[in-house]
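What the coordinates show
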Amino acid sequence: QVQLVESGGGLVQAGGSLRLSCAASGRTFSRFAMGWFRQGPGKEREFAAAISWTDTTYYADSVKGRFTISRDNAKNTIYLQMNSLRPEDTAVYYCAADSRAYYGGRYSPSLDARYDYWGQGTQVTVSS
């Protein structure tokens, strides 16, 4: 019942920046925890960043200081601002929503199994 649509992926040079967007449906978007995950070539899907319904943010060590996650509840949208991009950031980036944490009282921002809705993914390629 919740649909997520990512945009903003593309090709960028190392050291450059890119801004991903994820537009969500849902009457209670402001109560969703939202996250970004990524999957590089030949790798498992990994956590990148998350933001809770209180705007608390969480980051993987690999992106901390370079990426910023934010949300705009009026637009039902989250963003991932990616700066100082590196070739190892090359991956398909997925937007995900956890619609249950707010009601259940438990939140695990880095665990992909906790997210019940996923976008289709958007490719980010960082060239050297």
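If you're wondering where the values come from, they're calculated on a predicted model, not measured in any experiment.

All right, on to the overall build of the protein chain then. Summing up its helical and strand segments, the protein chain has 1 helix and 11 strands in all. Written out in order from the N terminus, the α and β elements of the protein chain read β-β-β-β-β-β-β-β-β-α-β-β. A globule of 128 residues ought to have a C-alpha radius of gyration of about 14 Å, and the protein chain, at 14 Å, matches this closely. With the C-alpha coordinates aligned to their principal axes, the bounding extent of the protein chain is approximately 45 × 25 × 25 Å. Classification of the 128 residues of the protein chain by burial places 45% in the buried group. Looking at the protein chain alone, contacts between residues at least 24 apart form 60% of all its contacts between residues at least 6 apart. Working note: accessible area of the protein chain is about 6,400 Å², and carbon and sulfur atoms make up 45% of it. Of the charged side chains in the protein chain, 14 are positive and 11 negative; the average position of the first set lies 4 Å away from that of the second.

Reading across from one edge, β1-β3-β8-β7 is the order of the 4 strands in this open sheet, with antiparallel pairing throughout. The sheet terminates laterally at β1 (4-7) and β7 (67-72), the two strands that pair on one side only. Neighbour-to-neighbour, the strand axes of the sheet open up by a mean angle of 15 degrees, direction not taken into account. Relative to strand β8 (residues 77-82), β7 is paired through 6 bridges, and the arrangement is antiparallel. Residue pairing in the sheet places isoleucine 69 in a bridge with leucine 80 of β8.

About the criteria used
Residues numbered from 1 in each chain as written. Predicted model: local features only at pLDDT ≥ 70, side-chain atom pairs only at ≥ 80, totals over all residues. Heavy atoms only, no water. Helix = DSSP H or I, 4+ residues; strand = E, 2+ residues; numbered from the N terminus. Rg over C-alpha atoms; globule rule 2.2 N^0.38 Å. Buried < 20%, exposed > 50% of the residue type's maximum accessible area, 1.4 Å probe, protein only. Contact = heavy atoms within 4.5 Å. Areas by Shrake-Rupley, 256 points an atom, 1.4 Å probe, with all protein chains shown as cover. Lys, Arg positive; Asp, Glu negative; His and termini not counted. Charge placed at Lys NZ, Arg CZ, Asp CG, Glu CD. Pairing = 2+ DSSP bridges. Axes fitted to C-alpha atoms, helices over the stretch in contact; angles between N-to-C directions.

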